[in-house]
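A structural walkthrough
If you want the building blocks of each chain, they are given just below.
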Amino acid sequence: MPSPPVRVALLVTCLVDLFRPSVGFAAIKLLEQAGCSVEVPRAQTCCGQPAYNSGDRLDAKAIARRVIAAFAGYDYVVAPSGSCAGMVKVHYPELFADEPETAARAHELATRTYELVSFLTEVRQVREVAARFDGAVTYHDSCSGLRELAIKAQPRQLLASVAGLNLRELPGAEICCGFGGTFAVKYADISDKMARDKVADIERLGARCVLAGDLGCLLQIAGKLSRSGSAVEARHVAEILADMAADTPPIGAPSA
Amino acid sequence: MEATSHTFAGNARAGLANPVLRRALDMAGAGFPARRAEAIARLPEFDALRDEGKAIKDHTIGHLDFYLELYERQVTAAGGVVHWAPDAAAARAAVLGICRSVGAKTVTKGKSMVAEEIALNEHLEANGITPVETDLGEYIIQLRHEPPSHIIAPAIHLMKEQVEATFRAAHTALDPARPLAEAPLLCGEARAVLRPQFLTADVGITGANFLVAETGSSIIVTNEGNGDLTQTLPKVHIVITSIEKVVPTLEDAATLLRLLARSATGQEFSSYTTMSTGPRRPGDLDGPEQYHVVLVDNGRTALLGGEFQDMLRCLRCAACLNHCPVYTAVGGHAYGWVYPGPMGAVLTPALIGLDEAGDLPNASSFCGRCESVCPVRIPLPKMMRHWRERQFALRKAPAAYRYGLGLWAWVAQRPALYHALVEAKARLLGRLGRRRGRFRTMPLAGEWTRVRDMPAPEGRSFHALWAERGRARR
Ligand code: SF4
């Protein structure tokens with residue numbers, strides 16, 4: 001008797017919701033290929049990180065409480081973002097440290113919550129994907145995913161199985177691109193310097209496309225690439241892994 | 001020193017626009033992290049050592065009163081004197097009092113961030129005593145009347161051409177035609193100029209990296225040996241340091257020294273590790289006649305038991321500065337006071353107040369690289385967030401920002417309204433941006449589009465598309 005499919009709730013993330021639904025659909029395709037049945041709780045909005053990092057603990061808690069309720073009962077919660085997954089996995093339990101009951105629920109949710117690519121490789125043991133993307137690409141390690149969730153080898157492992165794709169390691173891949181949420185606006189000049197360094201490193205590689213696992217970083221990198229007149233494209237790694245790059249132009253590029 | 005932390009944003013812009021600073025920081029920017037990485041690769045148990053270091057500091061901080069009293073007893077037993085200084089003024093007064101009691105005219109100084117913190121040089125000068133910095137970097141910035149821009153490499157913001165010009169302007173007794181373009185020549189000249197100062201100074205002042213409670217010793221590490229000369233040649237040795245530097249045993253200090261050198265400069269051990277315990281004893285070949293320790297609190301005990309207590313573990317290794325993309329972009333002077341970078345962003349508001357230094361904990365993308373390299377695992381981003389929470393509670397952020405955030409959070413708790421608004425925004429921006437795929441300017445996002453484009457949304461919200469699919473399937 002086949003085991004019942006794994007029930008996964010997709011944490012869409014507010015940036016994917018607004019800017020790039022394609023990433024959400026790519027995530028769903030990958031999860032379904034990995035034998036999951038995917039649901040999208042309608043009660044979700046944002047993980048609350050903007051409030052949390054602005055020091056607005058009360059609002060962050062109020063939003064987090066709703067997320068905890070919205071995602072109760074699923075086998076797993078998966079987000080196409082290391083930042084939002086990290087918020088739920090690492091920071092929710094911290095946020096409720098002074099409320100034992102909610103903290104217990106936050107811990108329980110944290111154990112079920114994963115970033116998309118690490119969920120595929122670590123929980124679903126996915127070793128390869130059926131995808132094709134021709135040319136040289138590079139990969140930027142988003143800070144939260146890298147340092148809060150130890151996401152480093154997982155995307156590279158899956159990208160290695162994409163036909164035609166040649167991954168060139170980005171020097172300084174672990175250095176922040178300067179996005180940092182409201183930091184990008186509050187300290188635009190510093191953020192810009194970080195983006196310039198990042199984009200210069202990317203340009204030097206001669207890759208056709210830069211990939212990352214977080215839309216926040218990608219908006220920053222794509223925005224800086226296009227402002228500096230670069231031809232390098234930017235995409236979320238899920239679009240490539242799900243073989244859906246043909247469905248949508250790169251981030252910040254005109255629709256054909 | 002006069003703090004300029006409240007103008008951080010402007011300081012940072014000035015730093016970003018300074019081409020010499022850029023070159024200096026870019027050179028150092030790669031050097032420190034690379035050397036640290038190599039040193040750590042050679043020590044597989046480094047992470048275990050970090051846990052050990054953290055445990056030592058946590059234990060000591062948890063029993064700070066006990067170890068400080070033990071330390072004082074041991075210093076006294078060795079013939080030294082401990083002066084307790086609750087704040088900067090008391091610390092300055094203690095040092096000045098000792099200097100005056102021996103009629104001091106000049107004092108030599110080893111590098112001490114605590115001395116910077118209490119603005120000791122200015123105070124001594126104002127009272128007719130000449131302080132001479134003996135660490136090369138400190139000596140350079142003293143000649144230039146600049147504050148340090150880094151906690152272990154105080155002149156890191158300078159290129160050697162600037163140092164050459166400074167030396168030529170200061171050392172007027174030397175042949176103006178002498179060659180001075182290379183770093184070793186600069187080093188040699190500083191040594192030659194400083195050597196007589198060591199011999200004539202009445203008092204030597206050093207900082208301390210660690211104080212050892214079981215022996216009453218203070219430990220200082222340098223790479224130039226200037227610490228040795230500063231503390232052994234003059235008749236009086238003053239150690240000026242802060243209370244959280246105490247550790248229980250010599251063995252604990254040894255563990256922390258292994259962490260410190262690797263994290264700071266990528267060395268296995270600093271070139272000179274100098275220990276001093278009390279004044280010269282009968283039969284000793286050298287050493288001072290008087291040995292004083294000025295133990296500065298200056299806001300540290302206020303951190304005990306609170307959300308910033310972890311900061312007291314800090315070894316002042318500077319790894320968090322060297323790996324910080326903000327520090328390496330703007331330079332240390334932008335932070336406007338003694339302690340820059342991530343450790344400064346946490347410590348400075350505690351020491352000089354949130355009103356003056358409120359920008360510092362905000363000027364972080366929370367990339368977390370500082371915490372990932374900190375030898376004693378200080379959760380620096382978390383503590384910066386704590387400062388932001390205090391600011392938010394005190395309504396320090398601009399009103400427009402607070403109301404904007406509040407409105408957003410209110411909507412984010414109403415999914416139906418939220419989804420409708422996001423869908424409307426996605427449609428509108430998607431339509432407006434379709435042709436170019438991006439915006440070069442955008443109302444309400446001016447600070448974003450000032451420096452980079454805003455990619456256009458695809459045109460529909462995910463949740464709207466998902467709901468339509470659901471309906472189609474049914
Ligand atoms: S906070 Fe950590 S990394 Fe930074 S100076 Fe202190 S010990 Fe070093």
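Everything numeric in this text was worked out from a predicted model, so none of it was measured.

A few words on the sheet that holds strand β8 (residues 246–247) of chain B. Residues and elements named next belong to chain B. Read from one edge to the other, the open sheet built from four strands follows the order β8-β5-β6-β9, with strand pairing classed as mixed. Either end of the sheet is taken by a strand with one partner, and the two such strands are β8 and β9 (272–276). Where strand β6 (residues 217–222) lies against β9, five bridges are found, and the strand directions are antiparallel. Of the residues in β9, the one forming a bridge with Ser-218 is Ser-276.

The next thing to look at is the sheet that holds strand β8 (residues 233–236) of chain A. Residues and elements named next belong to chain A. Reading across from one edge, β6-β5-β7-β8 is the order of the four strands in this open sheet, with parallel pairing throughout. Strand pairing shows two members of the sheet lacking a second neighbour, β6 (163–167) and β8, which therefore form its edges. Looking at each pair of strands side by side, their axes are set apart by 35 degrees on average, direction ignored. Here strand β7 (residues 209–212) runs beside β8; their pairing, made up of four bridges, is parallel. Paired with Val-210 across the strands is Ala-234, a residue of β8. Seen against the sheet, helix α12 (residues 215–227) touches β7 and β8 and runs at an angle of roughly 170 degrees to β8.

Turning to the domain arrangement of chain B, a few remarks are in order. Residues and elements named next belong to chain B. What the domain assignment reports for chain B is domain 1 (1–42 + 318–413), domain 2 (46–163 + 195–301) and domain 3 (414–473). At the interface, 33 residues of domain 1 touch 37 residues of domain 2. Of the roughly 3000 Å² buried at the junction of domain 1 and domain 2 (both faces included), carbon and sulfur atoms supply 62%. Three residues stand out in domain 1 for area buried against domain 2, namely Met-1, His-333 and Arg-377, and they jointly supply 21% of the buried area on that side.

Taken together, 13 residues surround the ligand, and among them Cys-314, Leu-315, Cys-317, Cys-320 and Cys-374 of chain B come closest. Considering only residue class, the shell around the ligand consists of 12 nonpolar, no polar and one charged.

So, about the interface of chain A and chain B. Taken together, the 69 residues of chain A in the interface contact 65 residues of chain B. Inspection of the region where chain A meets chain B yields five salt bridges. For Arg-227 of chain A, the salt bridge goes to Asp-453 of chain B, with nearest N and O atoms at 2.6 Å. At the boundary of chain A and chain B, one finds 30 residue pairs in polar contact (both at pLDDT 80 or more). For the side of chain A that touches chain B, a count of residues per class yields 35 nonpolar, 18 polar and 16 charged.

Residues and elements named next belong to chain A. One can read the domain layout of chain A as domain 1 (6–122) and domain 2 (127–247). The gap between the C-alpha centroids of domain 1 and domain 2 is 22 Å. Residue-level contacts link 28 residues of domain 1 with 27 residues of domain 2. Between domain 1 and domain 2, roughly 2100 Å² of surface is buried when both sides are summed, and carbon and sulfur atoms account for 68% of that area. Among the residues of domain 1 in contact with domain 2, Arg-20, Val-117 and Thr-121 are the three that bury the most area, contributing 23% of the side total.

Nonpolar side chains tend toward joint burial in soluble globular proteins. Of all hydrophobic cores here, the largest spans 106 residues; its most connected members are Leu-10, Leu-31, Tyr-92, Leu-159, Val-162 and Leu-241 of chain A. If we ignore the near neighbours within four places in the chain, the residues touching Val-162 of chain A are Val-129, Ala-131, Arg-132, Phe-133, Ile-240 and Leu-241 of chain A. In this structure, Ile-40, Ile-98, Leu-260 and Ile-378 of chain B belong to the second largest nonpolar core, which totals 97 residues.

It is worth spelling out the packing of aromatic side chains at this point. Counted under the stated rule, the structure contains 15 aromatic pairs over all chains. With 5.9 Å between their ring centres and 70 degrees between their planes, Trp-337 of chain B and Tyr-339 of chain B make a pair best called edge-to-face. Classification of Trp-337 of chain B as buried rests on a relative accessible area of 7%. Aromatic ring contacts, followed pair by pair, group Phe-183 and Tyr-187 of chain A together with Phe-8, Tyr-327 and Tyr-335 of chain B into a single cluster. When the ring centre of Phe-32 of chain B is taken as reference, the NZ or CZ atom of Arg-35 of chain B above it lies at 5.3 Å. Positioned above the aromatic ring of Trp-448 of chain B, the side-chain terminus of Arg-452 of chain B is 4.2 Å from the ring centre.

Residue and element names in this part refer to chain B. Where nonpolar side chains cluster on the molecular surface, the patch consists of Leu-407, Trp-410, Leu-417 and Leu-421 and spans about 400 Å² of accessible area. Of all the elements in the fold, those that place two or more residues in the nonpolar patch are α19 (399–412) and α20 (415–433). By the secondary structure assignment, Leu-407 is in helix α19. By relative accessible area, Leu-407 is classed as exposed at 56%.

Moving on, we get to the packing of helix α2 (residues 21–33) of chain A against helix α7 (residues 116–123) of chain A. Residue and element names in this part refer to chain A. Packing of α2 against α7 leaves a shortest axis separation of 11 Å and a crossing angle of 5 degrees. Relative to α7, α2 is oriented roughly parallel. Mapping the contact onto sequence places Ala-27, Leu-30 and Leu-31 in α2 and Leu-116, Phe-119 and Leu-120 in α7. Tallied by class, residues from the contact of α2 with α7 come to six nonpolar, no polar and no charged.

Once that is clear, we can look at the pattern of salt bridges. All names here are of chain A. The final tally for this structure, using the stated rule, is 47 salt bridges over all chains. The partner of Glu-99 in a salt bridge is Lys-61, with the nearest N and O atoms 2.9 Å apart. Of this pair, Glu-99 sits in the loop between α5 (82–95) and α6 (100–112) while Lys-61 sits in helix α4 (residues 57–70); the two residues are 38 residues apart in sequence, bridging distant segments of the chain. With relative accessibility at 22%, the residue Glu-99 sits in the partly exposed group.

Before going further, it helps to spend a moment on the state of the cysteines. All names here are of chain A. Within the structure shown, the criterion is met by zero disulfides over all chains. Lacking any disulfide linkage, Cys-46 is separated from the closest cysteine sulfur, that of Cys-14, by 3.8 Å. Judged by relative accessible area, which is 5%, Cys-46 ranks as buried.

Quick notes on the rules
- Residues numbered from 1 in each chain as written.
- Chains lettered and ligands numbered in written order.
- Predicted model: local features only at pLDDT ≥ 70, side-chain atom pairs only at ≥ 80, totals over all residues.
- Heavy atoms only, no water.
- Pairing = 2+ DSSP bridges.
- Helix = DSSP H or I, 4+ residues; strand = E, 2+ residues; numbered from the N terminus.
- Axes fitted to C-alpha atoms, helices over the stretch in contact; angles between N-to-C directions.
- Contact = heavy atoms within 4.5 Å.
- Domains from an automatic or database assignment.
- Buried area = accessible area lost by both parts, 1.4 Å probe.
- Near = heavy atom within 4 Å.
- Nonpolar A, V, L, I, M, F, W, Y, C, P; charged D, E, K, R; others polar.
- Salt bridge = Lys/Arg side-chain N within 4 Å of Asp/Glu carboxyl O.
- Polar contact = N/O pair within 3.5 Å; in protein donor to acceptor, adjacent residues only side chain to side chain.
- Core = buried A, V, L, I, M, F, W, Y, C linked by side-chain atoms within 4.5 Å.
- Buried < 20%, exposed > 50% of the residue type's maximum accessible area, 1.4 Å probe, protein only.
- Phe/Tyr/Trp six-rings, centres within 6.5 Å; stacked < 30°, edge-to-face > 60°.
- Lys NZ or Arg CZ within 6 Å of the ring centre and 35° of its normal.
- Patch = residues over 30% accessible without salt bridge, like charges linked within 9 Å, V, L, I, M, F, W, Y side chains within 5 Å.
- Areas by Shrake-Rupley, 256 points an atom, 1.4 Å probe, with all protein chains shown as cover.
- Parallel < 35°, antiparallel > 145°, perpendicular 65-115°, else oblique.
- Disulfide = S-S within 2.5 Å.

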